[in-house]
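Inside the fold
Residue strings, one per chain:
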Amino acid sequence: MSIDERLANSQFPLPAIREVNLLKHASGISLGLGELKDFPVDDQIFEALATNWKNGGTSYTQNAGLPQLRQAVADLQSKEDGFAYTLEHVVITIGVQNAIYTTIKTLCNLGAKRVLIPQIHFGIYKKIPLEFGMEVVTYPLNDDFSIDLGQLSQLINADDILLLNSPSNPTGRVLTETELVDLASLLNQTLTDGYVISDEIYGRLVYDGIRPRSFSAFFKRTIVVDGISKSAAAAGLRVGWVITSNSVLAKAITSANASIISTPPTANQFAALPVVLGQTQNTIDGYNALLKANRDNVMGVLERLNIPFVKPCGSFYIFPQMQGILGGETKSFCLDTAKRENGVVVIPGVAFGASSYIRISLASLHIEEGMRRFEQMLLSYKRE
Ligand SMILES: Cc1ncc(COP(=O)(O)O)c(C=O)c1O
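Keep in mind that what you see is a predicted model, and the values were worked out from it rather than measured.

The strand order across the open sheet built from 7 strands is β2-β8-β7-β6-β5-β3-β4, with neighbouring strands paired in mixed fashion. The sheet is open, and its two edges are formed by β2 (90-93) and β4 (135-139), each paired on a single side. Across the sheet, the axes of successive neighbouring strands diverge by a mean angle of 20°, strand direction being ignored. Here strand β7 (residues 222-227) runs beside strand β8 (residues 240-243); their pairing, made up of 4 bridges, is antiparallel. Paired with Gly227 across the strands is Gly240, a residue of β8.

We now examine the packing of helix α4 (residues 67-81) against helix α10 (residues 266-276). At a minimum axis distance of 9 Å, the contact between α4 and α10 shows a crossing angle of 25°. The angle between the axes of α4 and α10 places the two elements in the roughly parallel class. Crossing handedness for the pair α4 and α10: left-handed. Note on element contacts: α10 touches α4 through Gln269, Phe270, Ala272, Leu273 and Val276, opposite Gln68, Leu69, Ala72, Val73 and Leu76.

Take empty space enclosed by the protein next. Applying the stated rule across the entire model yields 1 cavity of 30 Å³ or more. Counted as a void, the largest cavity has a volume near 140 Å³. Taken together, 16 residues line the largest cavity, and the ones lying closest to its centre are Pro118, Leu141, Phe145, Asn165 and Ser168.

This paragraph deals with the site of the ligand. The immediate surroundings of the ligand are formed by 13 residues, with Asn169, Asp199, Tyr202, Ser229 and Lys230 found nearest. Arg238 has a polar side-chain atom sitting 2.8 Å from an oxygen atom of the ligand. Surface burial for the ligand is 91%, taken as the share of its 400 Å² of free accessible area covered by protein chains. When atom positions are compared with the pocket grids, the ligand is found to occupy the largest pocket. Per element, the largest residue contribution to the shell around the ligand is 3 residues, and it comes from helix α5 (residues 95-109). Of the residues in the shell around the ligand, the class split is 5 nonpolar, 5 polar and 3 charged.

Cut-offs applied
- Residues numbered from 1 in each chain as written.
- Predicted model: local features only at pLDDT ≥ 70, side-chain atom pairs only at ≥ 80, totals over all residues.
- Heavy atoms only, no water.
- Pairing = 2+ DSSP bridges.
- Helix = DSSP H or I, 4+ residues; strand = E, 2+ residues; numbered from the N terminus.
- Axes fitted to C-alpha atoms, helices over the stretch in contact; angles between N-to-C directions.
- Parallel < 35°, antiparallel > 145°, perpendicular 65-115°, else oblique.
- Left-handed = near helix turned anticlockwise from the far one by under 90°.
- Contact = heavy atoms within 4.5 Å.
- 1 Å grid on protein atoms, 1.4 Å probe; cavity = no way out; pocket = protein on both sides within 12 Å on 5 of 7 lines; lining within 4 Å.
- Points joined across faces, edges and corners; volume = space filled by probe spheres on them.
- Near = heavy atom within 4 Å.
- Polar contact = N/O pair within 3.5 Å; in protein donor to acceptor, adjacent residues only side chain to side chain.
- Areas by Shrake-Rupley, 256 points an atom, 1.4 Å probe, with all protein chains shown as cover.
- Sits in = over half its atoms within 2 Å of the grid points.
- Nonpolar A, V, L, I, M, F, W, Y, C, P; charged D, E, K, R; others polar.

As structure tokens, this is what we get:
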């Protein structure tokens, strides 16, 4: 078959998240957002952008990124786990998606064959390794979205790549310190040649209980990916990073990413500095207070409707189990409610490998009205 024939036979389906969001009626309310779009951005980010446009902001940086930002990331991570990171351990990327992509690509180039991802997961965890021809295996979660360590221990090989995501998209689950210790103890015995990629993009958005330390504090062979997209309400600036205690691995990741992006956008890296330096913490505290109030509001509605859910403590999602009301499949409901006049956008669980669930985003300034519509549509859907 020729290239053109293959192209003609190919399909490029939209991810379910995009598909549903695109259908939104003009009068609809979105509880489908994966960013704090409606939340105010800290002025220091705008100031850093404005100042640095004319101060080198339109030139290239090094392939691994702006040295000041790499150093700030290194200092931040040293506080998490006590390792003396330097800028040699840090690679700045175009958002966390680029960080995950390049890290998996690098490990694949080094011979990694399998990627273990949580049974309920952010979609690209599966898509990226499959694009590299790697095998993807899901590891089971318990009903409370903790990791089933017994089953994981049966699955894992010494040279696997394990993706970890806490706080989680889409479940909102934050793994506790005890759970992280138990996981690390299993991995210390089993994952002797592979790595954990710990996606900590929601790490600063923890609004109930103590924020556990980075997984690198528990397991040495951890590569942390993080960024400013979520906790700075700045997804469009596209700044993320990879940090690993293995500086040779950081070099390999830099080399792989240089072929893809050359360098991350310079002015945007300056804009990320106040976030990484902790100067926007008051603003983040404000986001967390609002997310917690929204979480409590949504939990109240779900409880009244007898819909089972696990209480989220971080990120900005809640992931109720809709089997009892909608059956094993929620996508048709989500498509329908998105396109209706005065409808509401929520995301079908199939986008995360769990088709009987729905993801509701707490990142909305219209949560009460959104949930009122959700309830109304659910009740009318049941009657139809
Ligand atoms: C768990 C998780 N990881 C990574 C990303 C991608 O982040 P970025 O926008 O920084 O590429 C997202 C975005 O939704 C996410 O939810």
